[in-house]
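# Structural overview
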Amino acid sequence: MILTRLTHYWWTYVVRGILAIAFGMVAAGWPRLTVGALTIAFGAYALADGLFLFGCAIGEWRHVNDPWLMLLEGIIGVLIGAIVTIYAPALIGLGLPICVAAWSLAVGVFETATAILLRREAESELWLLTTGIAAIAFAVLLVFLMGFPAAEAFVLRWLIATYAIFFGVLLMGSGISLHELLMDLELGVIGD
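By size, the foremost hydrophobic cluster in this structure holds 36 residues, and its most contacted members are Phe23, Phe42, Tyr45, Val100, Trp103 and Phe167. Looking at this core element by element, the count peaks at 9 residues for helix H7 (residues 153–187). Of all hydrophobic cores here, the second largest spans 6 residues; its members include Tyr9, Cys56, Met70 and Leu71.

Set out below in structure tokens:
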């Protein structure tokens with residue numbers, strides 16, 4: 001059941017949230033940060049996030065009926081993170097927003113699907129659903145802004161930094177909510 005898997009790995013959402021906030025603070029905290037350095041920082045974040053999810057999905061493979069969402073989200077994170085990190089110099093310009101938008105859209109779709117599946121088992125999907133919808137909305141906003149070539153790298157950097165911090169807070173909220181569900185499961189308040 002998805003409830004068992006998610007509550008067992010509640011801490012992964014907290015760690016992913018901390019990583020997202022750290023990335024956002026790096027992007028916002030260094031005004032002289034170049035687009036190339038920001039690209040490498042995002043690639044490293046997406047790669048670490050993907051590896052984390054991939055490892056958790058593989059670790060639970062035999063114990064869970066449906067580890068596919070976490071596995072696919074992890075694979076996409078690893079692929080985008082590796083591409084961005086390896087090809088960082090070539091991605092300067094529109095390449096970074098395209099990669100961030102693609103990653104954000106994928107994460108949003110998977111988090112929203114996870115929230116919908118979780119809703120079938122418990123009523124604590126609001127944080128996950130908000131995280132997924134925010135990620136999809138951010139991807140759409142980035143794609144919209146790419147239609148305006150005059151959008152400065154400065155504006156995109158601040159937009160990405162602000163979203164990363166917001167996304168990190170949402171992930172941490174999801175983790176705390178899942179931890180509360182785990183406590184309810186252990187106390188027998190909700191069924192497994």
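Next, the rest of the story.
Attention shifts here to the packing of aromatic side chains. The geometry of two aromatic rings is summed up by the distance between their centres and the angle between their planes. Under the counting rule described, the total for this entry stands at 9 aromatic pairs. Measuring from centroid to centroid gives 5.5 Å for Trp11 and Phe52, while their planes differ by 90°, and the two rings are edge-to-face. A residue pair is termed long-range when its members are at least 10 positions apart, and Trp11 in helix H2 (residues 10–29) and Phe52 in helix H3 (residues 35–59) qualify at 41 residues. For Trp11, a relative accessible area of 35% puts it in the partly exposed group.

So, on to the pattern of salt bridges. One pass over the full model with this rule turns up 3 salt bridges. In this structure, the salt-bridge partner of Arg16 is Glu73, at a minimum N-O distance of 3.0 Å. Taken together, the residues span a long stretch of sequence, with Arg16 in helix H2 and Glu73 in helix H4 (residues 68–86) at a distance of 57 residues. Since its relative accessible area comes to 0%, Arg16 is described here as buried. Taking relative accessible area as the criterion, Glu73 reaches 6% and is therefore assigned buried. In this structure, the salt-bridge partner of Glu111 is Arg16, at a minimum N-O distance of 3.5 Å. Highlighted residues: Glu111 in helix H5 (residues 95–119) and Arg16 in helix H2, separated in sequence by 95 residues. Residue classification places Glu111 among the buried residues on the basis of a relative accessible area of 0%. The network of salt bridges with shared partners includes Arg16, Asp49, Glu73 and Glu111.

The rules behind these values
Residues numbered from 1 in each chain as written. Predicted model: local features only at pLDDT ≥ 70, side-chain atom pairs only at ≥ 80, totals over all residues. Heavy atoms only, no water. Core = buried A, V, L, I, M, F, W, Y, C linked by side-chain atoms within 4.5 Å. Buried < 20%, exposed > 50% of the residue type's maximum accessible area, 1.4 Å probe, protein only. Helix = DSSP H or I, 4+ residues; strand = E, 2+ residues; numbered from the N terminus. Phe/Tyr/Trp six-rings, centres within 6.5 Å; stacked < 30°, edge-to-face > 60°. Salt bridge = Lys/Arg side-chain N within 4 Å of Asp/Glu carboxyl O.

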